[in-house]
Amino acid sequence: MTVLVARRSRPSRPSRPSRSSVARAFALASLGVVMLLPVYYLVYLALSQPGQEFDFPPSVVPHPISWSNITDAPKGEIRPLWGYARNSVLYAGLATTGCLLTQSMAGFAFARLRFPGRNVLFGLTLTMLMMPFVATMIPRFLLFRQLGMIDSLWPLIIPWWFGGSPYGIFLMRQFFLSIPPEIDEAARVDGAGPWRTFWIILMPQATPVLVALGMLQFVYFWNDLLGPLIYAQSQRWKTLPQGILFNYQATFDPQWALFMMSVLWMVVPVALLFLVLQRRFKQGFLFSGLGGR
Amino acid sequence: MSVFYIGPLIASGVYSLTDYPIIGSPRFTGLENYRKLMDDDQFVHAIRVTLIYTAFSLIIYVGFALFVAILCNGTGRAIGLVRLLVFLPSLIPLFAAAVLWGWLFNRDFGLANFLLDRVGLPTQGFFQSAGQALPLTIMVGFWGIGSAFLTYLSGLQAIPGDLYEAITVDGAGAVGRFWHVTLPMLSPVILFNTVIGIVISFQVFDIGWVLTKGGPADSTLFWVLFIYRKAFEEFEMGYASALAWLLFLSVAVCTAVIFRVSRHWVHYEGRR
């Protein structure tokens, strides 16, 4: 893979930086700075001395910097955050896995397989996409109550192992439709059925889109407040957003610095995960083989 | 799966034909609710606010995100860092992000006014000003392009590099490469983000609910906020259902039109 990447980027470029590359670097730098704004403010508040978050006039860095917030925040005002973190990892991890498996299969079916009612079913999927969440919330709750699954993480995980949201199905369909059919045909000639074609030929191609979808879904579950509010009712099953609000905002005197530090604790692991995974934003090897090279 | 989606849709369709104050049972009134909303000035205003928001949000979510993704697509030092910085604001949970924006643009102690004051400009009302609240809510969308950005980036990576080489050999410049390779090859993802963008911006609720509650002077009264008010503050369930149904139909019609038009500009390599 490395070899192929290196070969692709070989076409000789002028060694002197051109005007357009300087402009691009400048655009990237200013983009980075602007995007940093809310994150900077988050970090600023997170490192402020509790009680001095809004001191006037504000300085570039909080004064004094309260490093002890880093270790104080996870201890919680009322209850430590680690138990909530475990539930969040369970919820986000299991739900994301389900999403990636079932949504890619459904997307593949809509893009590649021919079966009666395909267009009607896809239309129905899009219809679901357009429905406000509030409309489906109540019947779903009633269903899981009948199944006796209230006060657990199951109602938050199980739907995602049955297709889950239309968003991922639609995205995967769009991706599979953009793959040249010659690849499937070659596999079929070699005797592979749709199942094998999907797993061995198409899924490795889909790494970039799977990384993107996985990341987006994970962030959605990780930050989800409404879902756990409905289903995870006892402290045993509550997730991080609930835990943070419970510890630092529902109290008589909200500790905003520690609140923001807890949020930062939520953001940093996901940011690191993204930093590792974004290296996977490289196309699968098959594509580079097209076009007769 | 569809049972839990289609069921409530039909139910709210039935409710929309009734007069249903939440206590008591619904009374059938036919199309009365729909006639009523034609004359409801506040509703017409809410539609206007929603359409303005949707139009500008689409430019940001579909257009600006595409620009950023192309910018961040190349190789080079620190490209991973810039990608992270673009995605980072989308990682902040909404319950915290809304608090952050509210404080940054607070009229009395916000950093924005502090900086304006430093350079000698007058203090602004921001979210507390009827003229500025809507543009500001739209502007916050610049930091919410994370999902569109990621899907574009993955789409860009799926474009075979040979296509670029071929067209460069044919003498195409950067504009030609964008117009004849990037745009057609990326069109399925552009369609995806356009549809998603319409769905989420027509239904915008959270940000308005947390930051402005529809105010000041109804300047950020989005469609769903209006439904929420009618249903859970004024308890007109029948009327609210009619509003919700009309919203659903509008989004459906928009999406159908986009799909119909997409046949002319979306290029599917896998379906010839």
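Residues numbered from 1 in each chain as written. Chains lettered and ligands numbered in written order. Predicted model: local features only at pLDDT ≥ 70, side-chain atom pairs only at ≥ 80, totals over all residues.

1. Regarding the overall build of chain B
Then, in step 1: Scanning chain B from N- to C-terminus turns up 13 helices and two strands.
Then, in step 2: Expressed as a percentage of the 272 residues in chain B, the buried residues total 40%.
Then, in step 3: Long-range contacts, defined as pairs at least 24 residues apart, comprise 66% of the intrachain contacts of chain B with a sequence gap of at least 6. (Helix = DSSP H or I, 4+ residues; strand = E, 2+ residues; numbered from the N terminus. Buried ≥ 20, exposed ≤ 12 C-beta atoms within 10 Å, placed from the backbone. Contact = placed C-beta atoms within 7 Å.)

2. Description of the interface of chain B and chain A
Then, in step 1: Contacts between the two partners involve 63 residues from chain B and, on the opposite side, 71 residues from chain A.
Then, in step 2: Broken down by element, the side of chain B that touches chain A gets its largest block of residues, 11 residues, from helix 4 (residues 79-91) of chain B.
Then, in step 3: Looking at the side of chain B that touches chain A residue by residue, the classes come out as 45 nonpolar, 14 polar and four charged. (Nonpolar A, V, L, I, M, F, W, Y, C, P; charged D, E, K, R; others polar.)

3. Digging into the environment of Phe 105 of chain B
Residues and elements named next belong to chain B.
Then, in step 1: As for its placement among the helices and strands, Phe 105 is situated in the loop between helix 5 (94-104) and helix 6 (111-118).
Then, in step 2: Overall, Phe 105 belongs to the buried group, with 23 C-beta atoms counted inside 10 Å.
Then, in step 3: Each C-alpha atom, one on Phe 105 and one on Val 44, is 29 Å from the other, the two residues being 61 residues apart in sequence.
Then, in step 4: If sequence neighbours within four positions are ignored, Phe 105 has contacts with Gly 110, Ala 112, Phe 126, Phe 127 and Leu 136.

4. Brief notes about the nonpolar core
Then, in step 1: Counting residues in each nonpolar core, the largest one holds 143 residues, and the members touching the most others are Val 263 of chain A together with Ala 65, Phe 149 and Phe 222 of chain B.
Then, in step 2: Excluding residues that lie within four positions of it along the chain, Phe 222 of chain B makes contacts with Ala 46, Val 49, Thr 50, Tyr 53, Val 204, Phe 205 and Gly 208 of chain B. (Core = buried A, V, L, I, M, F, W, Y, C linked by C-beta atoms within 7 Å.)

5. Topic: the environment of Glu 234 of chain B
Residues and elements named next belong to chain B.
Then, in step 1: Within the element layout of this structure, Glu 234 appears in the loop between helix 12 (223-233) and helix 13 (237-265).
Then, in step 2: Residue classification places Glu 234 among the exposed positions, given that 12 C-beta atoms sit within 10 Å.
Then, in step 3: Considering only alpha carbons, one finds Glu 234 and Val 251, 17 residues apart in sequence, at a separation of 25 Å.

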